[in-house]
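# What the coordinates show
Chain residues, written in single-letter form:
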Amino acid sequence: MMYVTKRMIEIRNLLQKVGQSNTVTLPSIVVIGSQSSGKSSVLEAIVGHEFLPKGSNMITRRPIELTLVNDPEARTDYGEFPDLGLSKVTDFTLIQKTLTELNQSVPESLCVTDDPIRLIIHSPRIPDLSLIDLPGYIQVAGENQPRELKRKISELCDKYIRGPNIILAISAADTDLANSTALQASRRVDPRGERTIGVITKMDLVDPDKGVAILTDRQYPLRLGYVGVISKLPSQTGSLFRRETSNLLAGISRNEKAFFNSYPSEFGPESGVNTGTMTLRKKLMQVLEHQMSSKLQETTESIQRELEETTYQFKVQYNEQPMSAEAYLAASLDDFKHQFHEYTSSFGRAQLQGLLKSALDQKVLDQLAARYWNRPVEDLAIAPHEPDTIADLPKADPNSPYWHRQLDTAASGLSRLGVGRLAATVAASTVQSNIDKLLDKSSFSKHPSARRVISEAASTVLADRSYATSDGIEISIKPYKFDPDIQPNEWNQGREHVVGLLQTELDQCQAAMKSLENSVGGRKKLKEVISFVDKARKGDIVVEGDHPSGAGGFSSALLARGREAVFLRDRADIINMRIQAAKSRKCKTLDNKYYCPEVFLDAVATKLAQTAVLFLNVEMLNDFYARFPREVESKLREHMAAGGLERFAREDPKVRRHLDLIHRKELLELVLAKIEDLHRFGGGSGGGAAAG
Ligand code: GDP
């Protein structure tokens, strides 16, 4: 049982998951050899499957990091490409295709790259091994191969054949061993032959005598020895075994046995030479296990160092504060709920009433303008004999049906304008915008999608109650449509409030006038235009239509400003007059309500707002305050399902760094525990690679 290799490979895979693969460099077996030396055939025989890119023009352009996992549980053999997210590929032709594509993705101009393709193969029939297949050495660059290809391949191989890796140097028996590029390269980095295994392929192509001579070569003695193999199936059985590829090794093995057994004096047990793919495989396992064990102490120390550094960082950067995506969400939610709670206590009936009243103030002004200040022309037609300007109102007969009708229409117009919908809309949009403001200040501002979920939860809950609330309000204000029933104190408040409102309106008119003055180039200029417009209106001057070039020496744009100024001036005059009227003695009492429509309408608007707010507060606001936190919780949970929680937390770079550090620390602790288990099991025997 190759226990250390198995665990060390597991550890390496774990470390790779957090990008910590550089922490420990575990020994691998690197496979080098010239093109056509039989390198691929040897690897495939060991794995028992054909899976490597083939083809006459096929040059391996990337290292293939091949991890073999002995998996007794695996029902069928399968491969995984962790970097592609491809798992459980049981079709080895597909693996071959994928490798070919990955290989071809390297642009020719680059020749080769050291960016490895990672492939993990699981099978109950393979040993735990870590192999790296490198591009084959090329002797002479072909016509369409760039010259530096040869150099680049050689450089790439040099990078991998450094210690502590084991070198599997492949040479074919039918070529001169002295010229073997693989052995030459190996000799350069491992002159004493301590970590090189020599593999001699194509033993079937040379005389047994010559074969034995090669395997016992003393030119470059290897402590781990040479192994002679025949990695190709005889052609008549080839097609049969190729179809059932899991038997590839069995077939090769049987063929090798038949061959080597037929020369007992050359290859028999007494001869002292090593032959056969099975022997090679066993040797690889033993050598790698030994090498892994010898690295155990060093690996342990480097993981300990890494863990110490990580623990230190955790202390200084985060004061050892724990963190998890779940905890981060809980804290963010708690914080938001707290803010929300504070908001609920600051926004209630009084605030709603204020909001609704100002929305209604605007409607009051609209009614006044429509009914009183800018008298519509058709009214003149209906009541030609009545006093027709607001300036005449104080002198009017208190029982004038005209002014009675005006006030009644204005008051019922106010209650008929859809107060229910207005109130529900004003309340909902205010609450919504306040929630959005709370979100902007909360940690959810860093998480756009979660922020949207919460904001949408608010709209859903608000919209849910909107229709019922608006209907309820309409029913509750119905009585005021016919009889507003204003009390003397309400009248007084209305009077005070409306004077302020009119004053604001007047200020706005004056400010608009000021900006008009500035826009035409001063007060004097505006006065000239105003006087021209006035004259034209009275008919003293005839202006034909809206001539684009203007009239009276004024451009048409200037004239438009003039007309606007005339409107503002007239409006300001009326408002001024109405402020005086509202302040006057006559408007002190409710009995004179027909003289003081501003006060009356204001009092009605207040009444409507008060009634509507009673309803709004219970039906909408309290309901929202109770349901919203629950809705947020459930909608967020839904949003966070299927990996969303982790994604959410990692959107915040600070949290991500914190989580990464904890993850790394936990992982290193786990790895260290695993390594300590290995020590206990009796792994780390130390020393160099096992003797051959
Ligand atoms: P690579 O270029 O080093 O990967 O070499 P391949 O594994 O593709 O082998 C090159 C050629 O040699 C192929 O046609 C193989 O079938 C053949 N070959 C490989 N090993 C042996 C062997 O042991 N005996 C014989 N006769 N042919 C072999």
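Okay, so let's go over this structure. Since we're looking at a predicted model, the values are computed, not measured. (Residues numbered from 1 in each chain as written. Predicted model: local features only at pLDDT ≥ 70, side-chain atom pairs only at ≥ 80, totals over all residues. Heavy atoms only, no water.)

### Concerning the pattern of salt bridges
For clarity, the cut-off: Between Lys or Arg on one side and Asp or Glu on the other, a salt bridge is scored when a side-chain nitrogen of the former is within 4 Å of a carboxyl oxygen of the latter. Comment: elements are numbered from the N terminus, with helices defined as DSSP H or I runs of at least four residues and strands as E runs of at least two. Throughout this description, buried means an accessible area under 20% of the type-specific maximum (1.4 Å probe, protein chains only), exposed means over 50%, and partly exposed covers the range between.
According to the stated counting rule, one finds 37 salt bridges in the structure shown. Between E44 and K54 there is a salt bridge, with its nearest N and O atoms 3.0 Å apart. Of this pair, E44 sits in helix α2 (residues 39-47) while K54 is found in the loop between α2 and β2 (64-70), placing the two residues ten residues apart along the sequence. In this structure, the salt-bridge partner of E669 is K665, at a minimum N-O distance of 3.2 Å. Taken together, the residues span about one helical turn, with E669 and K665 both in helix α22 (residues 653-681) at a distance of four residues. On the basis of relative accessible area, E669 is assigned to the partly exposed category, the value being 36%. Residue class for K665 comes out buried when judged on its relative accessible area of 16%. Each of D464, R465, E619, D623 and R627 takes part in one network of salt bridges that share partners.

### Points about the sheet that holds strand β3 (residues 78-81)
Under the convention used in this document: Whether two strands pair depends on DSSP finding at least two bridges between them. Whether two residues are in contact is decided by their heavy atoms, any of which lying within 4.5 Å being enough. Axis geometry follows a simple rule: fit a line to the C-alpha atoms, using only the stretch in contact for helices, then measure angles between N-to-C directions, giving values from 0 to 180 degrees.
Taken in spatial order, the ten strands make up an open sheet running β4-β3-β5-β2-β6-β1-β7-β8-β9-β10, and their pairing is mixed. The open sheet has two edge strands with one neighbour each: β4 (86-89) and β10 (274-275). Sheet topology places β2 next to strand β6 (residues 129-133); five bridges connect them, and they run antiparallel. Bridge pairing in β6 places I64 opposite D133. Each of β8 (196-201), β9 (226-228) and β10 is contacted by helix α6 (residues 208-215), which is oriented at about 155° to β9, the strand it contacts most.

### Notes on unusual backbone geometry
In this structure, P164 follows G163 across a cis peptide bond, with omega equal to 5°. In this model, S36 sits at a positive phi of 70°, which is unusual for a non-glycine residue. As for its placement among the helices and strands, S36 is situated in the loop between β1 (29-33) and α2. The exposed category is assigned to S36, whose relative accessible area is 65%.

### Comments concerning the packing of aromatic side chains
What counts is decided by this rule: Pairing of aromatic rings covers Phe, Tyr and the six-membered ring of Trp, with a centre-to-centre limit of 6.5 Å; geometry is then stacked below 30 degrees between planes, edge-to-face above 60, and tilted otherwise. A positively charged side chain is recorded as over a ring if its NZ (Lys) or CZ (Arg) lies within 6 Å of the ring centre. The angle to the ring normal must also be within 35 degrees.
Applying the stated criterion to the full structure yields 20 aromatic pairs. Residues Y402 and W403 carry aromatic rings whose centres are separated by 4.9 Å and whose planes lie at 80° to one another, so their mutual orientation is edge-to-face. Each member of the pair, Y402 as well as W403, is classed as buried. Among the aromatic residues, those joined into a cluster by ring pairs are Y328, F336, F340, Y343, F347, F444, F624, Y625, F628 and F648. The cationic tip of K88 hangs over the ring face of Y78; the distance from NZ or CZ to the ring centre is 4.5 Å. Above the ring of Y595, the side-chain terminus of K586 is found at 3.9 Å from the ring centroid.

Just geometry here; none of it tells us what the structure is for.
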